[in-house]
Every structure is written in structure tokens, then in C-alpha cells.
Amino acid sequence: MSASKEAICGSTEKDLEKPPLGFFATRYFVTFMLFLGMANAYVMRTNMSVAIVAMVNHTAIKTTDEEIVDECGDRDLPIDDSQDGEFVWSSSLQGYILSSFFYGYVITQIPFGILAKRFGSLRFLGYGMLVNSVFAFLVPVAARQGGVWGLCAVRFIQGLGEGPIVPCTHAMLAKWIPPNERSRMGAAVYAGAQFGTIISMPLSGLLAEYGFDGGWPSIFYVFGIVGTVWSIAFLIFVYEDPTVHPSIDEREKKYINDSLWGTDVVKNPPIPFKAILKSMPFYAILFAHMGHNYGYETLMTELPTYMKQVLRFSLKSNGLLSSLPYLAMWLFSMFISVIADWMISSKRFSHTVTRKLINSIGQYGPGIALIAASYTGCDRALTLAILTIGVGLNGGIYSGFKINHLDLTPRFAGFLMAITNCSANLAGLLAPIAAGNLISDQSKPIMGQWQIVFFIAAFVYIICGTFYNIFGSGERQYWDNPEGDEQKAALSNGANSSPARLSTPQAITATESRQ
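On a predicted model such as this, the values are computed, not experimentally measured, just so you know. (Residues numbered from 1 in each chain as written. Predicted model: local features only at pLDDT ≥ 70, side-chain atom pairs only at ≥ 80, totals over all residues. Heavy atoms only, no water.)

1. Thoughts on the overall build of the chain
The number of helices and strands found in the chain is 22 helices and zero strands. Among the 515 residues that make up the chain, the fraction classed as buried is 57%. Long-range pairs, those at least 24 residues apart, make up 85% of the contacts in the chain with a sequence separation of at least 6. Of the roughly 21,100 Å² that the chain leaves accessible, carbon and sulfur atoms contribute 66%. (Helix = DSSP H or I, 4+ residues; strand = E, 2+ residues; numbered from the N terminus. Buried < 20%, exposed > 50% of the residue type's maximum accessible area, 1.4 Å probe, protein only. Contact = heavy atoms within 4.5 Å. Areas by Shrake-Rupley, 256 points an atom, 1.4 Å probe, with all protein chains shown as cover.)

2. Points about the packing of helix H10 (residues 192–210) against helix H11 (residues 217–237)
Running from N to C, H10 and H11 cross one another at 125°; their axes reach a closest spacing of 8 Å. The orientation of H10 relative to H11 falls into the category oblique. Judged by the sense of rotation from one axis to the other, the crossing of H10 with H11 is right-handed. Contacts between H10 and H11 involve Ser-200, Leu-203, Ser-204, Leu-207 and Ala-208 from the first element and Ser-218, Ile-219, Val-222 and Phe-223 from the second. For the contact of H10 with H11, the residue count by class is six nonpolar, three polar and no charged. (Axes fitted to C-alpha atoms, helices over the stretch in contact; angles between N-to-C directions. Parallel < 35°, antiparallel > 145°, perpendicular 65-115°, else oblique. Left-handed = near helix turned anticlockwise from the far one by under 90°. Nonpolar A, V, L, I, M, F, W, Y, C, P; charged D, E, K, R; others polar.)

3. A word on the packing of aromatic side chains
Given two aromatic rings, one states the distance between the centres and the angle between the planes to describe the pair. Going through the model one piece at a time under the given rule, you end up with 18 aromatic pairs. Pairing Phe-32 with Phe-35 gives two aromatic rings, centres 6.5 Å apart and planes at 25°, and the pair type is stacked. With Phe-32 and Phe-35 both in helix H3 (residues 26–55), this residue pair falls three residues apart, about one helical turn. Taken together, a centroid distance of 5.5 Å and an interplanar angle of 75° make the contact between Phe-101 and Phe-102 edge-to-face. Given the relative accessible area of 0%, Phe-101 is considered buried. Grouping aromatic residues by their ring pairs yields a cluster made of Phe-32, Phe-35, Phe-195 and Trp-330. Cation over ring: Arg-45 sits above Tyr-42, and NZ or CZ is 4.1 Å from the ring centre. Note that Arg-45 overlies the ring of Tyr-105, its terminal NZ or CZ placed 4.5 Å from the centroid. (Phe/Tyr/Trp six-rings, centres within 6.5 Å; stacked < 30°, edge-to-face > 60°. Lys NZ or Arg CZ within 6 Å of the ring centre and 35° of its normal.)

4. Quick look at the confidence of the model for the chain
Scored by pLDDT, the chain has a mean of 78; 77% of the residues are at 70 or more. Here residues 1–17 is a poorly scored stretch, pLDDT under 50, and it has 43 contacts once near neighbours within four places are set aside; other chains count. A low-confidence stretch, residues 487–515 stays under pLDDT 50, and its non-local contacts, those more than four residues away or across chains, total 46 contacts. (pLDDT = per-residue confidence, 0-100.)

5. Regarding a nonpolar patch on the surface
A cluster of nonpolar side chains, namely Phe-29, Ile-232, Ile-236 and Phe-237, defines an oily patch on the protein surface of about 390 Å² accessible area. A total of three residues in the nonpolar patch trace back to one element, the largest contributor, which is H11. Here Phe-237 is to be found in helix H11. (Patch = residues over 30% accessible without salt bridge, like charges linked within 9 Å, V, L, I, M, F, W, Y side chains within 5 Å. Salt bridge = Lys/Arg side-chain N within 4 Å of Asp/Glu carboxyl O.)

6. Remarks on the side chain of Ser-473
Relative to the elements of secondary structure, Ser-473 occurs in the loop between helix H20 (446–471) and helix H21 (485–492). When its relative accessible area of 1% is taken as the criterion, Ser-473 is described as buried. A polar side-chain atom of Ser-473 sits 3.1 Å from the main-chain amide nitrogen of Glu-475. (Polar contact = N/O pair within 3.5 Å; in protein donor to acceptor, adjacent residues only side chain to side chain.)

7. Considerations on the pattern of salt bridges
The final tally for this structure, using the stated rule, is 11 salt bridges. Residue Lys-175 is joined to Glu-240 by a salt bridge in which the shortest nitrogen-to-oxygen separation is 2.5 Å. Of this pair, Lys-175 sits in helix H8 (residues 165–176) while Glu-240 sits in the loop between H11 and helix H12 (250–261), placing them 65 residues apart in sequence. In this structure, Asp-480 engages Arg-411 in a salt bridge whose closest nitrogen and oxygen atoms are separated by 3.8 Å. In this pair, Asp-480 sits in the loop between H20 and H21 while Arg-411 sits in the loop between helix H18 (401–408) and helix H19 (413–438), placing the two residues 69 residues apart along the sequence. A relative accessible area of 0% means that Asp-480 is categorised as buried. Each of Arg-27, Glu-181 and Glu-252 takes part in one network of salt bridges that share partners.

8. A closer look at the environment of Tyr-221
Mapping Tyr-221 onto the fold places it in helix H11. For the pair Tyr-221 and Val-134, spaced 87 residues apart in sequence, the C-alpha to C-alpha distance is 9.3 Å. Residues within four places of Tyr-221 in sequence aside, it is in contact with Phe-137, Pro-140, Phe-212 and Asp-213.

9. A closer look at the environment of Met-185
Tracing the chain through its elements places Met-185 in helix H9 (residues 182–190). Given the relative accessible area of 13%, Met-185 is considered buried. Put simply, Met-185 and Tyr-398 are 213 residues apart on the chain and 9.8 Å apart in space, counted from C-alpha to C-alpha. Ignoring sequence-local partners within four residues, the contact set of Met-185 consists of Tyr-28, Thr-31 and Ile-177.

See the structure below:
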């Protein structure tokens, strides 16, 4: 390792290869709590999609598009076993209810990213999830007493409470996780999203069927309790960063701070807005994130409809089947994160090459799978297998662009994530709208319309993944380092004469040109 690299890392290669305390390190406990927080967030996000099936009186809703001609005429169609609920809500009203959460979620991303940078992330994250969880208890009352718009208001407030989860989680990872552990720890935390979906879908179905107070309300009561307990525990036992933790081992605190900042003295400079807006690696993450969310939301929101209309699966009676692709994504994300960290720690691949290779699997994989699945609609088993593999490969993004913010700028990772996650969720909102319009015309062959939906999502995946491969970087950017930070790091390692890595835009260009 060169002197300049030692200066920016703040420790020798030997020091970084022997992290203190092993499995019982404080940073691993923080990672575990963030994982549970992400799981809780996705439970709150997805439980309504299952609950609303049990809430709605399907018999009372008169529709003109229920009779769909099966283009694979040699199949025995399963009988719909859905049960009627207490609300007469049309499909359009159900769409408003399902989307109300995301409007609250989207508008708080950037504000919380800025506030977290200035005031810290922990309390915004903890109290935000507490608001989300407490308002879950009000969902049954709002639906029964306030109707559609009362329910939408409560779900909107839940979305506001969940707004801090991604930018604040990213900001905390930037403060707690050394660079050579980012792929594993980042993937472990964000895999909570799939874990939450895997838990939410089948368990919500069971609660809707056998729960108390009419079944579906128990979904929100049970998960509201779980979320409240997590929020309180998080606020009590987790701390903003290693520096303020009262009982962290001094060796671990020094290991984390030296590997991140090159010194135990951590600066908190203002956000360099102009430099960020001129940064092509930032735009690479932005477009990769937007492309991922469009494709992922197409799968997440429309896959149940596709399985009903084309594959003729009854997802309500088989929650495990609906969660199978996300189980594959969770398992693959954990596996590929170990590979990614090995690629970096072995010194055989740079951060830039590693992020691009792993991200290519995460975005090209589902793109190709969507194209393949559009031609296999009559073969239920093969189509489900292809979609499961495609969603599974999508787990590569957690060791690709999703953790790349921390490579570019440990100090401003939360703010960058707020920008990209806000933009990506806006793009994701377009996915169900586009798909709904494309498949609404029942006079046309339904499989042909779904083929268009899959082609568009695949095109977005591949184009945005390619943009990332061209302009992405895994190197720390010059605008992340306050003036004088490099000199302090160099002095702490006896490398006064060596400039710190990427201290200027020219250094970035020179470094990337060698890759």
C-alpha cells in the first residue's frame, strides 16, 4: 500500500487486516439493529398490499375487466378463493390507498438527508420509525371511521415517518463501517428490505385469515407493536457514531475512525452542493438507482397481477409463492456481498471495478430475465423460475451502486442517498402507472401487453446499468475531504510528503485513468 493510500485510510495495511473484537464488535450490533429497522420499514410498506385484499368486498365491486381470455387454452384455471371484506372500494380507490404511503415517503427524503447531516441521523431514524409504527395502530380506526381519505391520511403520515430510513441508515453506515467491510455490512442492512417482505407477505395473509378484530386489523396491530419495540430499543442502545459511544472498545473506535477519516478527529464540513452537482460518478449512481427502482417496482407491484392474469396463481392462498423471488434476492445479496469484499480486500480488483462488475449482475440479470419471461407465459413453472432468478440476481445492486455513495463520500453519503432515493422513488411511482395503462385494454392479447411491460422495464434496467458502468467510480471524491484533512492523515502515518488520495479533481482523473 502506498504512502498516499495510508494517509487517507489512516492505518497501515497490517492494522486494517486485523479488525478488533471480531463477531462481538459494536459496529456489528449497530449493523444488526439497522437490518431490523430496514425489515420493519418494508413490513410497514408492504403489509397494506396484502391487507387490502381482505378489506375489500370483491363481490360488491362491479367490474368489466374480470373476464380475461386465457391465451393458453389447454390449462385448467384455478378457482379464485378470495373472501369478501367490509369495504366497497373500486380498483382506482385501492390504487390511491396503496400509493398514499409513498407520497409521504418521497417528499421527506431530501429534507431528512440535509437535517441528518446537520443534526445527526439517529434520532430522525428512531423517532421517524416510531411515528410510522404508532400510526399503524390507527389504520383500522381510520378505515372504518374516516373512509378512503381518512385511511390515505394515516398512510401518508406513515410514509412521512419512514422517510428518514434510507438516508439516515446510509449516513450511519458511513460513520460506523470501515471501507473494507462496506459490501458485506451494507448488503446485510439493505437485505432487511427483502427479509421484511418475506416476513410480511405470508404472515399478513395468516393474520388476515385467522387474526383478531376481523382479521386484517391484526396485521397493523401486530406489526405496529414490533415496530414500536424496535424504535425504543434503537434509541436506547444505538449511538450516532463511535466517537460518542460510551462503552465501545477503544481499539475498535480507533480502527473505525482511522480507516474512515485517517484521524480520530472527525470534521463536519458543509455540504459541497456545487461539486456534487458537477460529479459524474454521482449521476452514475443517480441513474442506476432510478433504473433499478423502475424495474423493481414493476416487478414488486405488478408481479401479483401478472401471476393472476397470465400464470393464474392465487397469491392470497400462497404467500410463500409470492415471497419466493424476494427470498432469492435476499440470499443472493448476502452471497455476492462476501464476494465483493473479497475482491476488494484481496487487492485484485479496485473499488471501481468491483462496484461495476457486481452492479452489472444486479441490473443486467433482471433485465435479461424479464425479456426471457415475456416469451414463456404459458409455462407457469418456467416463467416463475426465470422471474425468481431475475429478482434474485437483482440483489447484486446492494454491493453495487447502492453502497457506492459511501465510497464516493463517507461524510455526505446520507445526503447523496437522500437525493438518489427520492429521484428513484419518483421513477418507481411511474412503473405501476405505465403498466396499468398498458394492460388495461382487454380487447388486445394480454400476454402481448405484458411483453411490452417487461420489455420497457428490461430496457430501463440495461440502459441505466450501462450508464453506471461508463461514468461510475469507487474512489473517494476530492470534495469529501475538508482542507487540511489530508495533511493530518499524512502526519499520523509518517507520510508528510505524500499527498492524500483524490485530494484534487486532477488526482481523481489520474487515478481512474490507471484502472
